Number of protein chains: 2
Amino acid sequence: MLLLEITMALKRRIRLFERRRFMSEQIKRLKRELKFKGTILDFYQDTMEINGDHTVVWDFISHKGAAAVVPVTEEGKILMVRQYRNALERYTLEIPAGALDEVGEPGLECASRELEEETGYRSEKLEWLITLRTTVAFCNEKIEVFVARDLIPSKQNLDEDEFIDLKAYTIEELKEKIFSGEIEDAKTVSALLAYDTKYGKRA
Amino acid sequence: MLLLEITMALKRRIRLFERRRFMSEQIKRLKRELKFKGTILDFYQDTMEINGDHTVVWDFISHKGAAAVVPVTEEGKILMVRQYRNALERYTLEIPAGALDEVGEPGLECASRELEEETGYRSEKLEWLITLRTTVAFCNEKIEVFVARDLIPSKQNLDEDEFIDLKAYTIEELKEKIFSGEIEDAKTVSALLAYDTKYGKRA
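Residues numbered from 1 in each chain as written. Chains lettered and ligands numbered in written order. Predicted model: local features only at pLDDT ≥ 70, side-chain atom pairs only at ≥ 80, totals over all residues. Heavy atoms only, no water.

A. Broad picture of the confidence of the model for chain A. Residues and elements named next belong to chain A. Mean pLDDT over chain A: 88, with 84% of residues reaching 70 or higher. Confidence drops under pLDDT 50 across residues 159-164; counting only partners more than four residues distant or on other chains, this segment forms four contacts. Interface confidence for the predicted complex, given as ipTM, is 0.88, next to a pTM of 0.88. (pLDDT = per-residue confidence, 0-100. Contact = heavy atoms within 4.5 Å.)

B. Quick look at the interface of chain B and chain A. Opposite the 82 residues of chain B that make contact, chain A presents 82 residues. Carbon and sulfur atoms supply 57% of the area buried between chain B and chain A, which totals about 7,400 Å² over both sides. The interface formed by chain B and chain A contains four salt bridges. In this structure, the salt-bridge partner of A:Arg133 is B:Glu184, at a minimum N-O distance of 3.1 Å. Applying the counting rule to chain B against chain A returns 23 residue pairs in polar contact (both at pLDDT 80 or more). (Buried area = accessible area lost by both parts, 1.4 Å probe. Salt bridge = Lys/Arg side-chain N within 4 Å of Asp/Glu carboxyl O. Polar contact = N/O pair within 3.5 Å; in protein donor to acceptor, adjacent residues only side chain to side chain.)

C. How the structure looks around the relation of the copies chain B and chain A. Once turned by 180° and shifted 0.0 Å along the axis, chain B lies on chain A with an RMSD of 0.0 Å. The transformation just described matches what one would write down for a two-fold rotation axis. Judged by C-alpha distance, B:Ser190 is the residue of chain B that lies nearest the rotation axis, at 2.2 Å. Counting the interface residues of chain B, we find that 99% of their copies in chain A are interface residues as well, pointing to one common contact surface. (Least-squares fit on C-alpha atoms with pLDDT ≥ 70 in both.)

D. Spotlight on the domain arrangement of chain A. Residue and element names in this part refer to chain A. Its domain assignment divides chain A into domain 1 (2-63) and domain 2 (66-202). Opposite the five residues of domain 1 that make contact, domain 2 presents five residues. Around 480 Å² of area is buried between domain 1 and domain 2 when both sides are counted, 57% of it from carbon and sulfur atoms. Our count for the contact surface shared by domain 1 and domain 2 stands at zero salt bridges. Taken together, the connections running from domain 1 to domain 2 amount to four residue pairs in polar contact (both at pLDDT 80 or more). Here the side of domain 1 that touches domain 2 is composed, by residue class, of two nonpolar, two polar and one charged. (Domains from an automatic or database assignment. Nonpolar A, V, L, I, M, F, W, Y, C, P; charged D, E, K, R; others polar.)

Here is the structure:
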């Protein structure tokens, strides 16, 4: 137990030392090597030169980017999607979102498409809200988030029995779910609170 | 150009079809295989059975988790860290944060340590604010976010010339930076807006 504590304390000291160096010194990437090509992600390892005197290896995940949308109904409610997330092994409540078709696709186009595919509504009134970087420590994923108003039922509207995973909530209900820990998805938390900050009524 | 458009339209139709199935049908993980072990991340591929009749392969990144902290000074300003992010190839402005020492370390302990290491202040008044999942589509990373008050200069306080990357901002300044696109880091956007929603003065 004591040995474990000493080991941990040493690890922390070393990390603190390294961090101070990172913060004040030069960091330079010497090379980037593809280690594994996944279905949607590529795993690289970067060899970084620190302060010109030693190297470390950092993980880097390449992602093509995504877009998300806060769909606002006529009554001012927000359409949310419930879906199973394999990475968390549970269902989550999220704003509609999806990956770009390919690198370089405009976020607005992707957001329009995802809105229609996931909710059965389309909109000609999409407005940029915020841009997010989901995990700056190791991944380049960028998500552009839009607000969609004047929702129009789409030709691609799902059948009634397929609507089970889509539900409208007031922003107050959604804020409660964020502060109770029911909603944890970072793009959803960011987007809902940004929407409320920008457009919400204040007490 | 026409061929490209047809290809894209077909891709979309197939994806829409697949998505409707995912949303309403059964998803079951048949196996998880480690494909590459990185420095801080492990890359897996999961074979998923969809509706009992066919399989797809999904990427899964395992991360041990992290904690972050919104450090509030006596004047009500927030301490922010500027650091170089290799994944984005630029500097970012973020709240202090860092990975757990090991799976299972309490988020509160990690947040206390990161606060001290990154700002040179410690606090005995840390309070849970929100919990985030950074990238639910492919990674299990969880970040617990705390608010720290009554900051006490620490023994580990950095030297004056090492403070260059630390700066205090008002929440109004930080909100402007979110809506101008200067701050994009999702944990930072979520945490600052959650702090403002919960504790901020409303107009």
